[in-house]
Amino acid sequence: MVADKAHGNGAGGSLPHADGRHFETLDAYLAHLEELGTIGIAWYERRPDGRYQLITRRPPGQAPEIFTRQELLERFGFAE
């Protein structure tokens, strides 16, 4: 479950799967999640169209979850 308005940049809150680490940018946080993907943690893959797909287990036939960069910035509390 994603924490509501968690903040990078030290503005308070905590990011899911950050284990207390601080991330200055959304890109740094997404790279961290991608590393955790090797152990089964959901992560976001950038698609050729610039949007991001949540990479996680999902039931057969369920459509992938796709997010814009702005949606991820808002979801995780980062400024551009």
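These notes cover the structure that comes with them.

What counts and what doesn't
- Residues numbered from 1 in each chain as written.
- Predicted model: local features only at pLDDT ≥ 70, side-chain atom pairs only at ≥ 80, totals over all residues.
- Heavy atoms only, no water.
- Salt bridge = Lys/Arg side-chain N within 4 Å of Asp/Glu carboxyl O.
- Buried < 20%, exposed > 50% of the residue type's maximum accessible area, 1.4 Å probe, protein only.
- Pairing = 2+ DSSP bridges.
- Helix = DSSP H or I, 4+ residues; strand = E, 2+ residues; numbered from the N terminus.
- Contact = heavy atoms within 4.5 Å.
- Axes fitted to C-alpha atoms, helices over the stretch in contact; angles between N-to-C directions.

Our next topic: the pattern of salt bridges. Inspection of every chain in the model, using the stated rule, returns 4 salt bridges. Ionic pairing is found between D49 and R47, a salt bridge with its closest N-O pair at 3.8 Å. With relative accessibility at 45%, the residue D49 sits in the partly exposed group. You can call R47 partly exposed: its relative accessible area is 25%. Several salt bridges share partner residues, and in doing so they unite D27, R69 and E80 into one network.

Right, let's get into the pairing of strand β1 (residues 43-46). Regular strands place side chains that alternate from one sheet face to the opposite one. Sheet topology note: the β1/strand β2 (residues 52-55) ladder contains 4 bridges and is antiparallel. Across the sheet, the residue bridging to Y44 is L54, located in β2.

Spatial strand order, β1-β2-β3: 3 strands in an open sheet with antiparallel pairing. Sheet topology places β1 and β3 (66-67) at the edges, where each strand pairs with a single neighbour. Inspection of the sheet shows β2 paired to β3 by 2 bridges, in the antiparallel sense. Across the sheet, residue Q53 finds its bridge partner in β3, namely I66. Against the sheet, helix α1 (residues 26-36) touches β1 and β2, its axis set at about 115° to β1.

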